[in-house]
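Understanding the architecture of this molecule
The primary structure of each chain is shown beneath.
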Amino acid sequence: MNPVIILSDSTAYLPADLVAAYPIRVLPLYLNWDGKTYRDGIDIGAEEFYTRLSKSSTLPTTSQIPAGEIDAELK
């Protein structure tokens with residue numbers, strides 16, 4: 001394990017080659033929309049997000065990554 005890592009949420013949109021080249025871990029930000037929760041880049045991608053945004057009468061909100069997921073990623 002590296003003594004130092006960079007931990008980012010998915011909204012930073014770091015290039016995949018940069019993440020692969022360095023000790024960077026990217027966790028998905030949570031997106032809440034119409035009573036459902038999505039993990040950015042896993043349950044909903046950018047194309048689906050923007051398509052839905054253009055047609056939706058409601059706006060999504062975001063939520064921080066649960067502390068347990070951060071802890072698990074750091075172990």
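In this text the structure is predicted, and so the values were computed from the model without any measurement.

**As for the overall build of the chain**
Along the backbone of the chain there are 3 helices and 5 strands. Helices (α) and strands (β) of the chain occur, in sequence order from the N terminus, as β-α-β-β-β-α-β-α. A compact globule built from 75 residues should have a C-alpha radius of gyration of about 11 Å, whereas the chain, at 14 Å, is more than 25% larger. Viewed in the frame of its principal axes, the chain has a C-alpha envelope of about 45 × 25 × 15 Å. Per-residue burial for the chain yields a buried fraction of 19% across its 75 residues. Of the contacts formed within the chain by residues at least 6 apart in sequence, a portion of 43% connects residues at least 24 apart. On the chain, roughly 5400 Å² of surface is accessible, and the fraction owed to carbon and sulfur atoms is 56%.

**A few points about the nonpolar core**
Counting residues in hydrophobic clusters, the biggest one holds 5 residues: Leu31, Trp33, Tyr38, Ile44 and Phe49. Excluding anything up to four places from it in sequence, tyrosine 38 contacts Leu29, Tyr30, Leu31, Trp33, Asp43, Ile44 and Arg52.

**A closer look at the side chain of serine 10**
Residue position: serine 10 is located in the loop between β1 (6-9) and α1 (16-21). Serine 10 sits in the buried class, given a relative accessible area of 11%. Reaching out from serine 10, the side chain makes a polar contact with the side chain of aspartate 40 at a distance of 2.6 Å.

What counts, and where the lines are drawn
Residues numbered from 1 in each chain as written. Predicted model: local features only at pLDDT ≥ 70, side-chain atom pairs only at ≥ 80, totals over all residues. Heavy atoms only, no water. Helix = DSSP H or I, 4+ residues; strand = E, 2+ residues; numbered from the N terminus. Rg over C-alpha atoms; globule rule 2.2 N^0.38 Å. Buried < 20%, exposed > 50% of the residue type's maximum accessible area, 1.4 Å probe, protein only. Contact = heavy atoms within 4.5 Å. Areas by Shrake-Rupley, 256 points an atom, 1.4 Å probe, with all protein chains shown as cover. Core = buried A, V, L, I, M, F, W, Y, C linked by side-chain atoms within 4.5 Å. Polar contact = N/O pair within 3.5 Å; in protein donor to acceptor, adjacent residues only side chain to side chain.

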